[in-house]
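The chain contents come next:
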Amino acid sequence: MNKDITLLTSESVTEGHPDKVCDMISDALLDAYLEEDPSAHVALETMASEDTVFIAGEVASFAKVDVKNKAREVICEIGYDSKEKGIDGKEPSNYRSYFGGKAWEPVPGSDKYYLHMFAKEQPDWNWENKEVRDKIYKMINWWLDKGLGGFRIDAIINIKKDTSFPSYEPDGDDGLVSCVKMVEETDGVGEFLEEMKHETFEKYDAFTVGEVFNMKEDELREFVGDDGHFSSMFDFSAHELTYGEHGWYDSKPVDFKRWREILFASQKEMEGIGFKANIIENHDEPRGASRYLPEYAQNEMGKKMLATTSILLRGIPFIYQGQEIGMTNCHRNDISEYDDISTKDQYQVAIDEGCTKEEALACCYENSRDNARTPMQWSADENGGFSAHAPWLAVNPNYKEINVSEQEGRADSVLSYYKELIKLRKSPEYEETFVYGNVEPVYEDTDTVFGFMRMGKENRQKILVAANYGKEAVSLPLPGTAKKLLLSNAGRRKLADADHITLESLETAVVLLKA
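Residues numbered from 1 in each chain as written. Predicted model: local features only at pLDDT ≥ 70, side-chain atom pairs only at ≥ 80, totals over all residues. Heavy atoms only, no water.

Participant: How would you explain the overall build of the protein if you had to name every residue and give the values?
Facilitator: Along its length, the protein carries 16 helices and 19 strands. Looking at the protein as a whole, 52% of its 515 residues are labelled buried. Long-range contacts, defined here as pairs at least 24 residues apart, represent 66% of the contacts in the protein between residues at least 6 apart. (Helix = DSSP H or I, 4+ residues; strand = E, 2+ residues; numbered from the N terminus. Buried < 20%, exposed > 50% of the residue type's maximum accessible area, 1.4 Å probe, protein only. Contact = heavy atoms within 4.5 Å.)

Here you go:
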């Protein structure tokens, strides 16, 4: 291990010596990195500051922005990236990156370009190169040897390219087409994923959850399940409802009935296959409480209701930091207050399409990933109790009202409810039903009720989950005779009627029915 590498810690960066760090990293880091020196990866991953970026695409380590040109030159030189010659002095094809702008970047001192489907600091690895794949597997196994239990695998569908890199009909006035088009037109990613599983995860019985977009309709069983590429994959079906035709500026609010319909469809397609990972938010999405709840429901009752209809679905619940206390989207006064590259791109798209600054910022408030990246709100102290120093993003101003410290001591808080919800799902008496039981939708003929049955297979249990997302109370016939009220977000202790239930606005109830 090169001694210079050991000095590359977050303390070095935050103590105000970026130039010194840059000098140390430029050659020593790249030598160690390309040799797959595990210590280099550890050192890189400790550099947690706003000055760090990914340099190597989907499965990568951290490196300083100051050496990005050096890193790109070396990666391009050894042929580890996706690199092509230009055509008549222009880019090899007309792809637009996920973050906007051209997806090809010129390689200094040559007539070649490298592909970056995300930021230009993230050259795409060339997965057709066996040496690249072997080095990635070696890195994965190094972590698994340390006892790591599994991986979340990001943007993995993008590793397979059509290496002829054809141009397509532009889908915008910029003359470019989304790089997604090339991914959708390309087959064979499963061969890479299966090889990676056999060379790494399978040997350790590791858990894997894939971030998979653009999967073809007939490929679900190949991706998840007992023989799938991954143990599970995130359910992004609801997130896809929020896409605008041209960008954030023309995205539509989530329609409740369509949201309910698509979630139930996603549940249905997994029967007999495996488990999806259920989410209402993550680091790439705005806060679920702000996205899926109408304005009148963005309170503690509504947040508990949303939690119930997510956590008790069939699948693996993923709870993102801050979700358990009901953190919300964060208003910003200027685009300079955002850090996310995609937010800045979408803001400019909105401005270019004639939106006012206020309208463009409203789009960002509703859709930006930075909403989920504000510091965790631990207390009402300065910076939300997250840090004594100013963090990379300003804390959401509502931290004085929404924070862990305030909710820990309150029995009726969102945090306390999440604990009760998780306790119920994992209880020995009902665990088999909540984990393995099927989902049967009910009350689909209503406009505001999200209702489903969890049907136990071996134990024959029937558990009703019903939530009223509307403004008015609703009276509902129970799909069976009530035996016991298991959980309520309204403090209800028992049911008044064994055959009917009246749910007030934003009320949810979990009811055990007689078998």
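Participant: How would you summarise the side chain of aspartate 250 if you had to cite specific residues and measurements?
Facilitator: Position of aspartate 250 relative to the elements: it lies in the loop between strand 10 (232–233) and helix 9 (256–269). Despite its burial, aspartate 250 pairs with no opposite charge; the closest candidate is lysine 252, at 5.6 Å N-O. Reaching out from aspartate 250, the side chain makes a polar contact with the backbone nitrogen of glutamate 245 at a distance of 3.2 Å. Side chain to side chain, aspartate 250 and histidine 246 meet in a polar contact 2.9 Å long. Aspartate 250 has contacts with Gly244 and Glu245, leaving out every residue within four places of it along the chain. (Lys, Arg positive; Asp, Glu negative; His and termini not counted. Salt bridge = Lys/Arg side-chain N within 4 Å of Asp/Glu carboxyl O. Polar contact = N/O pair within 3.5 Å; in protein donor to acceptor, adjacent residues only side chain to side chain.)

Participant: Summarise the packing of helix 5 (residues 130–145) against helix 7 (residues 189–204); cite the residues concerned and give the values.
Facilitator: Running from amino to carboxyl end, helix 5 crosses helix 7 at an angle of 25°, the nearest separation of the two axes being 9 Å. Judged on the interaxial angle alone, helix 7 and helix 5 are roughly parallel. Crossing of helix 5 against helix 7: the hand is right-handed. Every residue of helix 7 that contacts helix 5 at Lys130, Arg133, Tyr137, Ile140, Asn141, Leu144 and Asp145 is listed here: Phe192, Glu195, Met196, Glu199, Thr200, Phe201 and Tyr204. Grouping the amino acids of the contact of helix 5 with helix 7 by side-chain chemistry returns seven nonpolar, two polar and five charged. (Axes fitted to C-alpha atoms, helices over the stretch in contact; angles between N-to-C directions. Parallel < 35°, antiparallel > 145°, perpendicular 65-115°, else oblique. Left-handed = near helix turned anticlockwise from the far one by under 90°. Nonpolar A, V, L, I, M, F, W, Y, C, P; charged D, E, K, R; others polar.)

Participant: Pulling in residues and values, what's your account of the sheet that holds strand 19 (residues 508–513)?
Facilitator: On the basis of which strands lie adjacent, the open sheet formed by five strands has the order 13-14-15-19-17 and antiparallel pairing. What marks the edges here is a single partner per strand, and that holds for strand 13 (438–442) and strand 17 (482–488). Here the average twist between neighbouring strands, direction ignored, is 25°. The sheet strands contacting helix 9 are strand 13 and strand 14 (449–455), and the helix crosses strand 14 at an angle near 15°. The strands that helix 15 (residues 414–426) touches are strand 17 and strand 19; relative to strand 17, the one it contacts most, it runs at about 140°. (Pairing = 2+ DSSP bridges.)

Participant: Let's hear about the pairing of strand 18 (residues 500–503): which residues, and what values?
Facilitator: Within a regular strand, side chains alternate between the sheet's two faces. Side chains Ile501 and Leu503 of strand 18 all project onto a buried face; the interleaved residues His500 and Thr502 project onto a face where none is buried. Here strand 16 (residues 474–477) runs beside strand 18; their pairing, made up of four bridges, is antiparallel. Each residue of the ladder has a partner; that of proline 477, found in strand 18, is histidine 500.

Participant: Residues and numbers for the state of the cysteines, please.
Facilitator: A disulfide bridge is the covalent bond that connects two cysteines by way of their sulfur atoms. Under the defined criterion, the tally for this structure stands at zero disulfides. The thiol of cysteine 363 is not disulfide-bonded; the next cysteine sulfur, from cysteine 355, is found 5.3 Å away. Taking relative accessible area as the criterion, cysteine 363 reaches 9% and is therefore assigned buried. (Disulfide = S-S within 2.5 Å.)

Participant: Which residues make up helix 13 (residues 357–367), and what are the values?
Facilitator: Looking only at helix 13, the buried set comprises Ala360, Leu361, Cys363, Cys364, Tyr365 and Asn367. Looking at the packing, one finds that the buried side of helix 13 touches helix 10 (288–291) and helix 12 (341–352).

Participant: Tell me about unusual backbone geometry, residues and numbers included.
Facilitator: What you tend to see is this: most non-glycine residues have negative phi, and most peptide bonds are trans. Positive phi, close to 60°, is recorded for asparagine 383, a residue that is not glycine. Its place among the elements puts asparagine 383 in the loop between helix 13 and helix 14 (404–408). Phi at arginine 460 is positive, roughly 65°, even though this residue is not glycine. Looking at the element boundaries, arginine 460 is found in the loop between strand 14 and strand 15 (462–468).

Participant: Lay out the nonpolar core in plain terms, naming residues and giving numbers.
Facilitator: Counting 41 residues, the largest nonpolar core has Tyr95, Trp127, Ile156, Leu193, Met196 and Phe223 as its most contacted members. Elements with a minimum of two residues in this core: strand 6 (112–115), helix 5, helix 6 (180–184), helix 7 and helix 8 (220–223). Apart from residues lying up to four places away in sequence, tyrosine 95 is in contact with Gly101, Lys102, Ala103, Trp104, Leu115, Phe165, Pro166, Tyr168, Leu176, Val177, Cys179 and Met182. (Core = buried A, V, L, I, M, F, W, Y, C linked by side-chain atoms within 4.5 Å.)

Participant: Which residues make up the pairing of strand 15, and what values do they have?
Facilitator: Judged by how many residues are buried, strand 15 sits mostly within the fold: six of seven residues are covered. The pairing of strand 14 with strand 15 spans seven bridges and is antiparallel. In the strand pairing of strand 15, glycine 451 is matched with alanine 466. Count of turn residues in the strand 14/strand 15 antiparallel hairpin: six residues, of which arginine 460 carries a positive phi of about 65°. For strand 15 and strand 19, the ladder comprises six bridges, and the chain directions are antiparallel.

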